[in-house]
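Coordinate inspection notes
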Amino acid sequence: MPELRRPGWLTTPILAVSGLSIGSGIAQFGVTAVIGDVAAAFGEVGGGDDLTAQIGLPATTVGLALAVIRLTSLASLPVASIADHRGRQRVLVALSVVGLSLTTLAALAPGFWWYVALVALARPALSGVNAITGVVAAEETRTKDRSAAIALVTAAYGIGAGLIVVARAALGSLATFRVVTATALVPLALLPLMVRGTREPRIARGHLRRRGMLGAVPREYVRSVIVLSALSGSIALATGPAFSYLFVYGERVLGASAGLLALLVVLAGPAGLVGILLGRAAADRIGRNLAAGVSMAGTGAAVAWAYGGTAPRLAIGYLLAIMASSAFAPPTGALGAELVPTRIRATLAGWITFAGVVGAVVGIWGFGRLADATGGFDSAARTIGIVTALSSVGFLGLPETRGVELEDLEADA
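Residues numbered from 1 in each chain as written. Predicted model: local features only at pLDDT ≥ 70, side-chain atom pairs only at ≥ 80, totals over all residues. Heavy atoms only, no water.

A few words on the overall build of the protein. Counting secondary structure elements, the protein contains 19 helices and zero strands. By the compact-globule yardstick of 22 Å for 413 residues, the protein fits well, its C-alpha radius of gyration being 21 Å. Its C-alpha atoms give the protein principal-axis dimensions of roughly 65 × 50 × 45 Å. Counting all 413 residues of the protein, 51% fall into the buried class. Residue pairs in contact within the protein that sit at least 24 positions apart in sequence constitute 83% of those at least 6 positions apart. Between the centroid of the 31 positive side chains of the protein and the centroid of its 22 negative side chains there is a distance of 5 Å. (Helix = DSSP H or I, 4+ residues; strand = E, 2+ residues; numbered from the N terminus. Rg over C-alpha atoms; globule rule 2.2 N^0.38 Å. Buried < 20%, exposed > 50% of the residue type's maximum accessible area, 1.4 Å probe, protein only. Contact = heavy atoms within 4.5 Å. Lys, Arg positive; Asp, Glu negative; His and termini not counted. Charge placed at Lys NZ, Arg CZ, Asp CG, Glu CD.)

Here you go:
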């Protein structure tokens, strides 16, 4: 009887870093889920019709807080690149401890800006965890399993985000911001167990970077890093505003019910999972570049169509955008790992994260400006969606890497 063996993308090290990715999802999405509760706890909720009375603090204050938290993710570039100098396992464990500890500590925050400061300090570490888990997944697998491993760690983050939403709903009236934020203590407590399953990828043991500035890229790889980072920023240009303005547009402009929008958030989980699976299959069958380009163009088209003026279009377009953008992760993650040698692979992951944050911030700001200038969300969504879709041709400027083994890159480096 033949021996049953686990697929290469289900080995213990990959499952272990997937656990770390779940913890990162719990910690990061918990902030998004409770920021309104934090404002209510430290502000003054009244019976008036204005936003300040309903939220507890001025909407400008809450928006500034969210912007600060998002922008601190830019520091994940130097944080992630440390893994090219000190090793994947050591840095990944340290960042998990820092990120989860600071998030847990935020549950004890004595004021609104104390809370924002603590979760903002945690964000670069948690974003670094996201970047490095993808690198480990790529380095622990051969080419045939690589996109599946990256899909797994991507889905793991989504599971963590979903768990925090489910936990908040299940706790009901007990779900204060302190209780929900403190759930980061669970993955923190389980960290020793997860760490036991991690290891330094074999290829990284002898190919770490011994010198050079954090975030620096050798001249021969600058073009590839710029192009792939710019493409990752371009898709964030559409997903940033499309997902951030969902409730504002749905409730305030279309008059959609809160129940419909809540249902969309719930359905986003299965839609994202389907997208990840499609992206993984496409990356292995039609190639990394074509799969990434099609998913990026699909994301732009879905965003352009979603804000067309009716609730059904918003619902369908939102779910299609979730699916298409989720399909972007496996081929792009595999492509990034197969474009550069081990000594700068984590640095590239950091640049991709950096570009994604910049793209999302620019998209959110630009979306609002375009909506004001044109008198509606429809034109703004079409403009940003079309720009994103057209940008997908940039993948033609990168070499196809399907079938490349990482050892081959070391021979050429």
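So, on to the environment of Leu188. Inspection of the secondary structure assignment puts Leu188 in helix H10 (residues 185-196). In this structure the C-alpha to C-alpha distance between Leu188 and Gly99, which are 89 residues apart in sequence, comes to 9.3 Å.

Bringing the packing of helix H6 (residues 88-106) against H10 into the picture now. One can describe the packing of H6 onto H10 by two numbers: an axis separation of 9 Å at closest approach and a directional angle of 160 degrees. Taken together, the axes of H6 and H10 lie roughly antiparallel to each other. The interaxial crossing formed by H6 with H10 has left-handed handedness. In this structure, H6 contributes Gln89, Val93, Ser96, Val97, Leu100, Ser101 and Thr104 to the contact, and H10 contributes Leu185, Pro187, Leu188, Leu191 and Val195. Classifying every residue of the contact of H6 with H10 by side-chain character gives eight nonpolar, four polar and no charged. (Axes fitted to C-alpha atoms, helices over the stretch in contact; angles between N-to-C directions. Parallel < 35°, antiparallel > 145°, perpendicular 65-115°, else oblique. Left-handed = near helix turned anticlockwise from the far one by under 90°. Nonpolar A, V, L, I, M, F, W, Y, C, P; charged D, E, K, R; others polar.)

Close approach of charged atoms allows side chains of opposite charge to pair. Across all of its chains, the model carries 15 salt bridges by this definition. In this structure, Glu405 engages Arg146 in a salt bridge whose closest nitrogen and oxygen atoms are separated by 3.7 Å. Placement of the pair is Glu405 in the loop between helix H18 (377-391) and helix H19 (406-412) and Arg146 in helix H8 (residues 143-171), with a sequence separation of 259 residues. Like Arg146, Glu405 is buried. (Salt bridge = Lys/Arg side-chain N within 4 Å of Asp/Glu carboxyl O.)

On to the nonpolar core, then. Counting residues in hydrophobic clusters, the biggest one holds 29 residues, and the most contacted among them are Val34, Val38, Ile69, Phe112, Tyr115 and Val119. Elements with a contribution of two residues or more to this core: helix H1 (12-42), helix H3 (59-71), H6, helix H7 (112-139) and helix H9 (177-181). Setting aside its immediate chain neighbours within four residues, Ile69 contacts Val31, Val116, Val119, Ala120 and Arg123. (Core = buried A, V, L, I, M, F, W, Y, C linked by side-chain atoms within 4.5 Å.)

With that out of the way, let us pick up the packing of H1 against H8. Relative to each other, H1 and H8 sit at 40 degrees, their axes nearing to 7 Å. As summarised for this structure, H1 and H8 are arranged oblique, according to the angle between their axes. Our pair here, H1 against H8, has a crossing hand that is right-handed.

In this model, helix H12 (residues 222-244) (23 residues) spans 32 Å end to end at C-alpha, consistent with the 33 Å of a helix rising 1.5 Å per residue. If you look at H12, its biggest bend is around 25 degrees, right at Ala236. (Expected span 1.5 Å × (residues − 1). Bend = angle between axes of the 7 residues up to and from the residue.)

Summed over all chains, the structure comprises nine aromatic pairs. With a centroid separation of 5.6 Å and an interplanar angle of 40 degrees, the aromatic rings of Phe367 and Phe377 are classed as tilted. With Phe367 in helix H17 (residues 345-374) and Phe377 in helix H18, this residue pair connects regions lying 10 residues apart in the sequence. Like Phe377, Phe367 is buried. (Phe/Tyr/Trp six-rings, centres within 6.5 Å; stacked < 30°, edge-to-face > 60°.)

With that settled, consider the side chain of Arg288. Locating Arg288 in the fold gives a position in helix H15 (residues 288-306). Of note is the side chain of Arg288, whose polar atom sits 3.2 Å from the backbone oxygen of Ala283. Within the structure, the side chain of Arg288 is placed 2.9 Å from the side chain of Asp284, a separation counted as a polar contact. Other than its neighbours up to four places away in sequence, Arg288 contacts Thr143, Arg146, Ser147, Ala283, Pro331, Ala334, Leu335, Glu338, Glu400, Thr401 and Arg402. (Polar contact = N/O pair within 3.5 Å; in protein donor to acceptor, adjacent residues only side chain to side chain.)

Turning our attention to a nonpolar patch on the surface. Taken together, the side chains of Leu64, Val68 and Trp113 define a hydrophobic patch exposed on the protein surface, amounting to about 270 Å² of accessible area. Topologically, Trp113 is positioned in helix H7. Its relative accessible area of 43% is what places Trp113 among the partly exposed residues. (Patch = residues over 30% accessible without salt bridge, like charges linked within 9 Å, V, L, I, M, F, W, Y side chains within 5 Å. Areas by Shrake-Rupley, 256 points an atom, 1.4 Å probe, with all protein chains shown as cover.)

Before going further, it helps to examine the side chain of Ser81. Relative to the elements of secondary structure, Ser81 occurs in helix H4 (residues 76-81). A distance of 2.9 Å separates the side chain of Ser81 from the backbone oxygen of Pro78, its partner in a polar contact. Setting aside residues up to four positions removed in sequence, Ser81 forms contacts with Leu214, Gly215, Ala346 and Thr347.

All right, on to the environment of Ser257 then. Structurally, the position occupied by Ser257 is in the loop between helix H13 (246-253) and helix H14 (258-285). Taking relative accessible area as the criterion, Ser257 reaches 43% and is therefore assigned partly exposed. In this structure, the C-alpha to C-alpha distance between Ser257 and Ala311, residues 54 residues apart in sequence, is 9.5 Å.

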